[in-house]
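Remarks on the overall topology
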Amino acid sequence: MGPIELGPTDTPDNPSGMLPVIESCDDCGACCMTVGTPPFVLDDERDEARERGVSLPMRAEIEARRRELDVTGRRDVPCLWFDNETLRCRHHSRRPQVCRDYAMGDWHCRFARRREGIDRAESRSE
């Protein structure tokens, strides 16, 4: 598969051909679909999950998922915390800083929506 273009969407209700800016993250979740685990900073100087109040059992679950992904070599799976039914983060208040900084409607958001086939402003559940 080649690179994903952010070109025209060729839909009748979008004559400009540009991916519409969304007003809400509700019913989307495109940004969560290929991260595998919550992307907390974890290095010699910082344990962001601990800083965010993530419990030891939840941290163990994240680590187990990371090991599983390392074994399989997969990285293109939904975040462990993403709920496919509600299309929301199951632990939103404890999400990593990178998730907090993700800007709705910016290039990364539009790229993720295009990659996931969410080209229009309407929700997936409609």
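Shown above is the structure to which this text applies.
In this convention, every chain numbers its residues from 1, walking through the sequence in written order. Totals for whole chains, interfaces and linings use all residues, but because this is a predicted model, local features are given only for residues with pLDDT of at least 70 and pairs of side-chain atoms are given and counted only at 80 or more. With hydrogens and water stripped out, all remaining heavy atoms of the structure feed into the side-chain values.

Regarding the overall build of the chain
Secondary structure follows DSSP: runs of H or I at least 4 residues long count as helices, runs of E at least 2 residues long count as strands, and numbering of each begins at the N terminus. Helix and strand counts for the chain stand at four helices and two strands. Mapped from its N terminus to its C terminus, the chain presents α and β elements in the order α-α-β-β-α-α. The contact criterion used is simple: two residues touch if any of their non-hydrogen atoms lie within 4.5 Å. Excluding contacts between residues fewer than 6 apart, the proportion of contacts in the chain whose partners are at least 24 apart in sequence is 69%. Counting only carbon and sulfur atoms, one obtains 51% of the accessible surface of the chain, whose full area is about 8300 Å². In this description, accessible areas are obtained by the Shrake-Rupley approach with a 1.4 Å probe, and a residue is regarded as covered only by the protein chains that are shown.

Considering helix α4 (residues 107-115)
Partly exposed residues are those whose accessible area sits between 20% and 50% of the maximum for their type, while under 20% is buried and over 50% is exposed, using a 1.4 Å probe and protein chains only. Within the sequence span of α4, burial applies to C109, A112, R113 and R114. Here α4 starts with a cap whose side-chain oxygen sits 3.0 Å from the backbone nitrogen of H108, and that cap is D106. Once α4 finishes, G117 follows within two positions and takes phi at roughly 80 degrees, a positive value. N or O atoms closer than or at 3.5 Å make up a polar contact, with two conditions inside protein: a donor-capable atom paired with an acceptor-capable one, and, for residues adjacent in sequence, both atoms drawn from side chains.

Points about unusual backbone geometry
In this structure, D27 takes a positive phi of about 60 degrees despite not being glycine. Within the secondary structure layout, D27 lies in the segment before α1 (48-51). Here the phi dihedral of L87 falls at roughly 60 degrees; this positive angle occurs in a residue that is not glycine. Along the chain, L87 turns up in the loop between β1 (82-83) and β2 (88-89).

Describing the packing of aromatic side chains
Note on aromatic pairs: the rings of Phe, Tyr and Trp (six-membered ring only in Trp) are paired at centre separations within 6.5 Å, and the planes decide the class, stacked below 30 degrees, edge-to-face beyond 60, tilted for the rest. Tallied over the full model, the rule gives two aromatic pairs. Aromatic side chains W107 and F111 sit 5.0 Å apart centroid to centroid with 25 degrees between the ring planes, which places their arrangement in the stacked category. Here the residue W107 and the residue F111 both occupy positions in helix α4, the gap between them amounting to four residues, near one helical turn. Classification of F111 as partly exposed rests on a relative accessible area of 23%.

Describing the side chain of E48
Relative to the assigned elements, E48 resides in helix α1. Classification of E48 as buried rests on a relative accessible area of 1%. A distance of 2.6 Å separates a polar side-chain atom of E48 from the backbone nitrogen of Q97. Excluding residues that lie within four positions of it along the chain, E48 makes contacts with P39, F40, V41, P96 and Q97.

Concerning the environment of V77
Secondary-structure assignment places V77 in the loop between α2 (56-72) and β1. For V77, a relative accessible area of 14% gives the class buried. C-alpha separation for the pair V77 and T37, spaced 40 residues apart in sequence, amounts to 8.6 Å.

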